[in-house]
Amino acid sequence: MPPTEPRGAEAREARLAWWMTGPAVLTILLVALFPLGWTIWESLHLHDLRMPWLGRPFVGLDNYVEVLQDRRFWDSMAHTVWFAVVSVSLELVVGCALALAMNRTFRGRTLVRLSILIPWAIPTVVAALVWRFMFEGLEGWLAHDLKAWVPIILADAWKETPFVALLLLAGLQGIDPSLYEAARIDGASSWRQFRHVTLPLLAPAIMVALIFRTMNAFRVFDLIYVLTGGGPGTATEPISLYTFNSLMQNLRFGYGSTLSVLVFLVTFGLALGYIRLLGRGLTETRA
Amino acid sequence: MRDQSRWATLVIAALVLAVAFPFYRAVAGSLTPEAQLFGGAPLWPDPPVLYHYRALFTERQFWLPIRNSLIVAGTTTLFCVTLGSLCAYALARLRFRGKTLLLGAILAVSMFPQIAVVSPLFLLLRSLRLINTYPGLVLPYLTFAMPLTVWLLVGYFRQLPAELEEAAMVDGASRFRAFREVIVPLALPGLAATAILTFVYSWNEFLFALSFTLGPERQTVPVAIALFRGQYQVPWGQVLAAAIVATAPVALLVLAFQRRIVQGLTAGAVKG
Amino acid sequence: MIRRPGRWAVGGLGLLCALGCGPESTGGPTTVTVSGSVLGAEGQILRRQLERFDREHAEIRVEMRPTPDAADLRHQLYVQWLNARATDPDILQVDAIWTPEFAAAGWILPVDRYASDTADFFPVTIDANRWQGRLFAMPWFVDVGMLYWRTDLFSEAPRTWDALDREVRGAIADGTPRYGLVWQGARYEGLVTVFVEYLGGFGGRILDGGRVTVAEEPGVRALTLMRDQIHRIGVVPGRVLTWHEEEPRFAFQNGEAAMMRNWPYAAGPMQDTAESKVAGRFAVAPMPAGPGGHPTAAFGGAQLAINAFSPEAEAAWLVIDYLTRPEQMLERAQLVGQFPTRTASYDDPALAHALEIPPAQAREIIEAAVPRPVTPVYTQLSEILQIQLHRALSRQAEPRDALARAAAEMQELLDRVGLGRGDVAAD
């Protein structure tokens, strides 16, 4: 229990807090506010750069209505959700296993840790090229509307699992070993130790991993662009590729911005969900 | 106990092999003569050649983008860890209003698709005359790398027992000094993880680097590799060689930091 | 009181700014920036030509700005710069299908008042660069789709699709080479260029004024043939459906394909005896035709345009004019194998040694070239078409239905933006 403090100390604490959060927040505001505001503002206008004679009229939510009736939007959303669910689950499970493995002391662990982290260090475009290189020779994978997902998900898992493992490893390091000791003394098996000691204490790290991995899975672009280009047809097209097409290929800035805002809303909603589920008391100080 | 070790060893071995295989193919590819690289490159080149690597530095001056990437990624990491840890500590430990809002806002920023943000960001940086400069990359990278840093460290700081700072403060130190001298050393594993994450993000980032730089004096490694591509042709050998070379600094960083990351808390602090 | 780290941060950022900010431009000669392909041999030849230009024009200095050769990336950068009204680069190397798009957006200048000798160029190259009657870019070099065929397997190039199917089936019956005819079948622009050639071979067009005609009988026959060649007749391998330009080239170059449809760039590498198994054993011909059509080549290549926001339009024109002169075009042909866009060049005996294929044949193919629809919304039309073409080829849909669907969407788009039937703006 913290000792009771006079009111002046509280105000001082608040002031210190603002100084400490200030630089980070200011940087973010300076750089992000304009682009984000601009994107939201654009999404409320009809703005097609190919046809300046149409002007840039304010159309309110018309773009949103159009998007929600766009079959290709729903398809690409479905692809993205499917991709996110499968790849993030895979990465979480494998990442957890890797983190537990890396947490132990054994010979050659430096080499193991190094080799596990390397895929993640390679630029995504290059990693995608390498995977494409590997699957190209095999008949019928990249050109098949369902099977093409296999190299995509494998490539993503290969690339991103180390990130998850690293996050979970840092989290594992924060767990007090004496807790395991106590559990072992009480006769708990390693599985029960995992379920009742590790998992609950790892929840914050898992949550961060989930949020950021999901967020990035929703924004997957380079990987699929290089591996299948969204094909065959549009069978593997994720929402970010559709947004890229709208913005940069078709120069439909209003429409593309609308797609972006929707992606943001979905991702944010998911993040809120995760926080509610796993992150109770994230900002409360420990009693 | 023994069962556990055997299971763990098998899992590790299998995973390491699975993970290393594509990387191995990349290395083998970078040593393969160009003509053999297509349509089923052999598992090991015969004969292995070094001219791809040589071409990187003679034909393409690859050291330039490496220098640029090091500067940008290094600076971003430095600022990100510093500013981020300050912010995270305040969120984890201090009491003030608007915490949830702040956390939410910081997170929200990185949820917009990059491609949407590129155009207005270009306009913004242009008006600040920061196109084709180092700060012109560091600032956007900071903005998009900070959310992960803050969120990770908030969780990390929260786990540390509050008694630690209180002990220091009772001894007369200010809250900030307690942070600097007590918490930071203990949080090194988390800080190291954050540093690596930020560094790798900045090192590999492509879209912003492509859009906000104009020439080889400021272009980073991923952009340089993308520029290897001809209209139709991909000089595979050089691309793979460049990828290997580009991975080296990150590998070194990981090597240097990995012990920090997995270092446990000292017994004294925990029992406290 | 700013804590120490804060002070360092501010100071550090300031230092970075001072160190990092780009150099200021100086007064003196006018500087013109060219954005285009600066890779390898192309880059070298461009640099050399620009240096010659610099020497002849003391008051103008030309700089090159490297942009990615990958079309999507270059397009994206241009969109970004031009949308931000950037004043440089002054000269843009533009793909064949971008001119109407940039012209309609007001991003490039009409060059009619500068260009006096457009009659010297192939009509198709000029027409493809016109929007609403005005010329917006100068043709620099031309790419056309061609049929590459093995001279050791066939005595002459087939002129009809039936002949091609028959001959190729015979040639690959014993298992070598592995593939019959290979082309670009992935879901991207290249697929449309291949389709355009089959389509022309049956006498069809994608667009007629503002009316979409791709779903009419010639289109159905063309797409059905393409699909059947993969799945029924068996002369085209199924894996072309993920192939871009390089995969067929390597297949042909390694002796694994009897015929290939590709752009002129492939000829050079394939004549390299060190790397190619078919050096000296292949020739080029126009694509075959079906009943009711004529041999067609898809028109591609590069043109040079002037940035509408450039303050140095006059100087930029001088550079463009220089680069598109016959001497420069001949030099490019000699050193990089790119086809000139001027008709007179093909009468020049010096060209015969420069190109991998006889100039007369190149000329014949260029004259059979057909541009893709010249409209600002071409990319979107193409996307719609690509998707349906690929679906039909991968047997997710019947050709007739796929084309009908594509045509409906394409027409709806054109009508919606005022470029459809009966609209004045349509070209």
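Because the structure is predicted, anything quoted here is derived from the model rather than measured. (Residues numbered from 1 in each chain as written. Chains lettered and ligands numbered in written order. Predicted model: local features only at pLDDT ≥ 70, side-chain atom pairs only at ≥ 80, totals over all residues.)

Enquirer: How should I be thinking about the domain arrangement of chain B in this particular structure?
Expert: Interfaces are often sized by the accessible area lost when the parts come together. Residues and elements named next belong to chain B. Segmenting chain B into domains produces domain 1 (1–49) and domain 2 (53–271). Each of domain 1 and domain 2 has a C-alpha centre, and these two points are 29 Å apart. For the side of domain 1 that touches domain 2, a count of residues per class yields three nonpolar, three polar and one charged. (Domains from an automatic or database assignment. Nonpolar A, V, L, I, M, F, W, Y, C, P; charged D, E, K, R; others polar.)

Enquirer: Looking at this structure, I do not really get the environment of C:Arg416. What am I missing?
Expert: Structurally, the position occupied by C:Arg416 is in helix H16 (residues 399–416). Sequence separation of C:Arg416 and C:Ile320 is 96 residues, and the distance between their C-alpha atoms is 36 Å. (Helix = DSSP H or I, 4+ residues; strand = E, 2+ residues; numbered from the N terminus.)

Enquirer: Is there a simple way to think about the confidence of the model for chain B in this case?
Expert: Close reading of the predicted structure is inappropriate where its pLDDT is low. With 91% of its residues at a pLDDT of 70 or more, chain B shows a mean pLDDT of 83. Counting interchain partners and residues more than four positions distant, the pLDDT-below-50 stretch residues 264–272 of chain B has nine contacts. (pLDDT = per-residue confidence, 0-100. Contact = placed C-beta atoms within 7 Å.)

Enquirer: Can you walk me through the sheet that holds strand E12 (residues 282–285) of chain C in this structure?
Expert: Think of a sheet as strands paired side by side through backbone hydrogen bonds, with each pair either parallel or antiparallel. Residue and element names in this part refer to chain C. One open sheet holds the four strands; their spatial order is E8-E11-E7-E12, and the pairing between them is mixed. Edge strands, defined here as strands with exactly one partner in the open sheet, are strand E8 (179–182) and E12. For this sheet, the mean angle separating the axes of adjacent strands, direction not counted, is 20°. The pairing of strand E7 (residues 146–150) with E12 spans four bridges and is classified as antiparallel. (Pairing = 2+ DSSP bridges. Axes fitted to C-alpha atoms, helices over the stretch in contact; angles between N-to-C directions.)

Enquirer: Just to check I follow, could you spell out the interface of chain C and chain B for this structure?
Expert: Across the boundary between the two partners, chain C contributes 29 residues, which contact 32 residues of chain B. Elements represented by at least two residues in the side of chain C that touches chain B include exactly helix H1 (4–20), strand E2 (60–66), helix H3 (71–83) and helix H9 (246–253) of chain C. Sort the elements by how many residues they give to the side of chain C that touches chain B and H1(C) lands first, with six residues. Tallied by class, the residues present in the side of chain C that touches chain B amount to 16 nonpolar, seven polar and six charged.

Enquirer: Please explain helix H5 (residues 124–136) of chain A as it appears in this structure.
Expert: One turn of an α-helix holds 3.6 residues; hence residues three or four places apart share an orientation. Residues and elements named next belong to chain A. The terminal C-alpha atoms of H5 lie 18 Å apart, and with 13 residues this matches the ideal 18 Å at 1.5 Å per residue to within 8%. Of all 13 residues in H5, 10 are buried, a share of seventy percent or more. Within H5, the full set of buried residues consists of Thr124, Val125, Val126, Ala127, Ala128, Leu129, Val130, Trp131, Phe133 and Phe135. (Expected span 1.5 Å × (residues − 1). Buried ≥ 20, exposed ≤ 12 C-beta atoms within 10 Å, placed from the backbone.)

Enquirer: Whenever I open this one, the interface of chain B and chain A confuses me. Can you help?
Expert: Chain B puts 85 residues into the contact, and the matching count from chain A is 80 residues. With 14 residues, helix H6 (residues 135–159) of chain B is the largest single contributor of residues to the side of chain B that touches chain A. The class makeup of the residues in the side of chain B that touches chain A is 64 nonpolar, 15 polar and six charged.

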